[in-house]
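# Topology and contacts: notes
The lines below spell out each chain.
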Amino acid sequence: MDDYALVLNAGSSSLKFCVYRRPDESRWQLEARGQIEGIGTTPRFSAKNDAGGTLIDERLDQAVADGSAALDALASWLRGCYGGAHILGVGHRVVHGGPSYSGPVVVTPEVITALKALQPLAPLHQPYNVAAIEAVAERLPSVPQVACFDTSFHRQQPAVAELVPLPQAIRDAGVQRYGFHGLSYEYIASVLPEAAPEIADGRVIVAHLGSGASLCALWCRRSVDSTLGFTALDGLCMGTRPGSVDPGVILHLFQGLGLSAKEVETILYKQSGLLGISGVSNDMRDLLASDAPAARLAVDYFVYQAAKQFGALAAVLGGVDGIVFTAGIGEHSAPIRRRLCEACAWLGVRLDKEANRTHRPRISAPDSPVSAWVIPTNEELMIARHTGVLLEISGTRA
Ligand code: ADP
């Protein structure tokens, strides 16, 4: 009987999932990808198969008011579709692994305690990730679980890249640069030898440009620096997050404008970035289609800030051999890739406009000193791979 793995990515109002089947030791075949959205408001369950065919798309009862009820709805659908299948394990996307988890771990009660202790470092995500692990443990106590972290891939960075230059006592309390989008960067690093062999062992800047956005400097497929830091607010301008802001501005929000911590949190996570600048949308597609001056300014700032950070990471690497675009904007927006490649011309990037327009994997001209690539990311597959490998190694099988 084939092994199956369930991958879960639990958020505050959504539960995203993938079901993978492993027909042989080296391959994970996607069977279903879906989500329960609107948890607590208007819950909706949708899932598609690998070919994009709809498996389910329906509204759920209002009683699906929290993550635990959403998991029950998912479990009952999974039983109907895959009842009797052997579940090798459940892999979770967990935003924060703190300073010590430099790779995925098999979940134990001690791991759950450690992950709960990290909740103050990622209050908007970590509690939901941990709640999903606990809910699965309650319902399927014999099925092993694996926690895969967005921070782990960056844990081999040099000390200077991780440092937040504040007093020792504050640093001792966990204040350092962690970096995020690590599962995405790890996936890209894992496919580079096949997808872009001539740069795989070199100096590469990967641009993960989705609703959250960051850059990662890879040296020999290892992360040496990234633009996200202590939280997922730093660096590039994002859909609703500002990216780098003078910390004095945040002090002014408290001391000058008298805003509360909750208000400042909402501004920083939900009302800034592309949405804050444009006043109309956090979606790059809407902004590119608009003639409104504020929408243009938002796009200009996104490109300006990303280009600036390309320069910073190029300095860290001491030069660049290749750049890679991934995630929603990186994979699908030819105009943004064109503008960023043009901004990186000084680094040696020469764009092949036709290759870029048609979303080919290699979008730089054949004689470009620095090559440019489009490689679709797959964080869920990375989690399924980790889950399989770790459970085999540890001998933890359901
Ligand atoms: P997330 O970061 O939430 O995982 P994605 O990586 O899928 O999501 O990125 C989503 C974002 O990608 C959308 O908000 C949208 O701005 C952008 N996007 C998707 N397709 C396009 C496109 N064709 N052109 C421009 N932007 C796009």
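Look up a bit, the structure's there.
All values derive from a computational prediction rather than experimental measurement.

### Considering the site of the ligand
- Near the ligand the following residues occur: Gly210, Ser211, Gly212, Asp283, Met284, Arg285, Ala327, Gly328, Ile329, His332 and Ser333.
- Between an oxygen atom of the ligand and a main-chain N or O atom of methionine 284, the distance comes to 2.8 Å.
- Isoleucine 329 is positioned with one of its backbone polar atoms (N or O) 3.5 Å from an oxygen atom of the ligand.
- Bound to the protein, the ligand loses 68% of the 570 Å² it would expose on its own.
- Of all the secondary-structure elements, those providing two or more residues to the shell around the ligand are helix H10 (284-289) and helix H12 (327-332).
- At 4 residues, H12 tops the list of elements feeding residues into the shell around the ligand.
- Residues that form the shell around the ligand fall into these classes: 3 nonpolar, 6 polar and 2 charged.

### Points about unusual backbone geometry
- Of note, the phi angle at histidine 181 is positive, near 60°, even though the residue is not glycine.
- When you line up the elements, histidine 181 lands in the loop between helix H5 (168-172) and helix H6 (182-195).
- Residue histidine 181 is classed as buried on the basis of its relative accessible area, which comes to 11%.
- A positive phi is found at histidine 359, a non-glycine position, where the angle reads about 55°.
- Assignment of secondary structure puts histidine 359 in the loop between helix H14 (353-357) and strand E13 (371-374).
- A residue is classified by how much of its surface remains accessible, and histidine 359, at 37% relative accessible area, is partly exposed.

Thresholds applied
Residues numbered from 1 in each chain as written. Predicted model: local features only at pLDDT ≥ 70, side-chain atom pairs only at ≥ 80, totals over all residues. Heavy atoms only, no water. Near = heavy atom within 4 Å. Polar contact = N/O pair within 3.5 Å; in protein donor to acceptor, adjacent residues only side chain to side chain. Areas by Shrake-Rupley, 256 points an atom, 1.4 Å probe, with all protein chains shown as cover. Helix = DSSP H or I, 4+ residues; strand = E, 2+ residues; numbered from the N terminus. Nonpolar A, V, L, I, M, F, W, Y, C, P; charged D, E, K, R; others polar. Buried < 20%, exposed > 50% of the residue type's maximum accessible area, 1.4 Å probe, protein only.

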